[in-house]
Amino acid sequence: MDLTGNNILKSRHNRDKLSPEELRAVIIDILKEKNINVTGQRISVMEFLYLDDSHPTAEEVYYAMLKTDDKVARATVYNTINIFEEKGLIRVVGFNENVKRYDLYLDEHAHFVCNYCQTIYDVEIPEILRDSKVFDLPDNVEVESQSIIIRGKCSNCMNTES
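Q: Describe the overall build of the protein, listing the residues and the values that go with them.
A: Broken down by element type, the protein carries 6 helices and 5 strands. Across the protein, helices and strands are ordered from the amino to the carboxyl terminus as α-α-α-α-α-β-β-β-β-β-α. Counting all 162 residues of the protein, 35% fall into the buried class. Summarising the internal contacts of the protein: among those between residues at least 6 apart in sequence, 49% fall at separations of at least 24.

Q: Hey, could you go over the layout of surface pockets for me, with residue numbers and the actual values?
A: Space left empty within the atom packing is revealed by a probe, the size of a water molecule, rolled over the atoms. Estimated volume of the largest pocket: approximately 210 Å³. Together, 15 residues line the largest pocket, and Arg-91, Val-93, His-109, Gln-146 and Ser-147 are the ones closest to its centre. Ranked by residues supplied to the lining of the largest pocket, first place goes to strand β1 (residues 91–96) with 5 residues. For the lining of the largest pocket, a count of residues per class yields 6 nonpolar, 6 polar and 3 charged.

Q: Before we move on, can you summarise the sheet that holds strand β3 (residues 110–114) with the specific residues and values?
A: With mixed pairing, 3 strands are arranged side by side in an open sheet as β4-β3-β5. Strands with a single pairing partner mark the edges of an open sheet, and in this sheet they are β4 (120–123) and β5 (149–152). Along the sheet, successive strands turn relative to each other by an average axial angle of 25°, direction set aside.

Q: Break down the state of the cysteines for me, citing the residues and quoting the values.
A: The tally for this structure, following the rule as stated, stands at 0 disulfides. Left without a disulfide partner, Cys-114 is nearest to the cysteine sulfur of Cys-117, which lies 3.6 Å away. Considering cysteine sulfurs only, Cys-114 is the nearest to Cys-154, which forms no disulfide, with 3.7 Å between them. Residue classification places Cys-154 among the buried positions, given a relative accessible area of 4%.

Q: Provide a residue-level description of the environment of Thr-39, including the pertinent values.
A: Relative to the helices and strands, Thr-39 resides in the loop between α2 (20–33) and α3 (40–51). Overall, Thr-39 belongs to the partly exposed group, its relative accessible area being 33%. In sequence terms Thr-39 and Ile-28 are 11 residues apart; their C-alpha atoms lie 8.9 Å from each other.

Conventions and cut-offs
Residues numbered from 1 in each chain as written. Predicted model: local features only at pLDDT ≥ 70, side-chain atom pairs only at ≥ 80, totals over all residues. Heavy atoms only, no water. Helix = DSSP H or I, 4+ residues; strand = E, 2+ residues; numbered from the N terminus. Buried < 20%, exposed > 50% of the residue type's maximum accessible area, 1.4 Å probe, protein only. Contact = heavy atoms within 4.5 Å. 1 Å grid on protein atoms, 1.4 Å probe; cavity = no way out; pocket = protein on both sides within 12 Å on 5 of 7 lines; lining within 4 Å. Points joined across faces, edges and corners; volume = space filled by probe spheres on them. Nonpolar A, V, L, I, M, F, W, Y, C, P; charged D, E, K, R; others polar. Pairing = 2+ DSSP bridges. Axes fitted to C-alpha atoms, helices over the stretch in contact; angles between N-to-C directions. Disulfide = S-S within 2.5 Å.

This is the structure we're talking about:
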């Protein structure tokens, strides 16, 4: 397996393919590639974002980091997340205008948001929707990105009604 570059972290399909040692090595390489100082806390934040698919807020990342490092500062986590965003390692996804959530997976995908428990799931986009020509767009516009959010009730919430 080629462990260079950050392509391996961009796709959620790689989550189960790396051992903890391989993941750490890939993260260190990526941080160096992006000219980000390598620190234990930055590695930990990136590991958390890679292993957790909940699209966490910065505050949720901070509380997760506290479980393994009770000396981690909130500012360190927020600053690390900001650096990762500036360097293109993560992106902000908006499901609620008041809360910023972060997504490590930069491959094109949609999201399903449960209206009841607020769980967020990654969803593959059918090939036909990847082509902006299927949308009735105004004349003389250029699509730079698209965001598809599907809302409804997840299976866990449907099962709790029974």
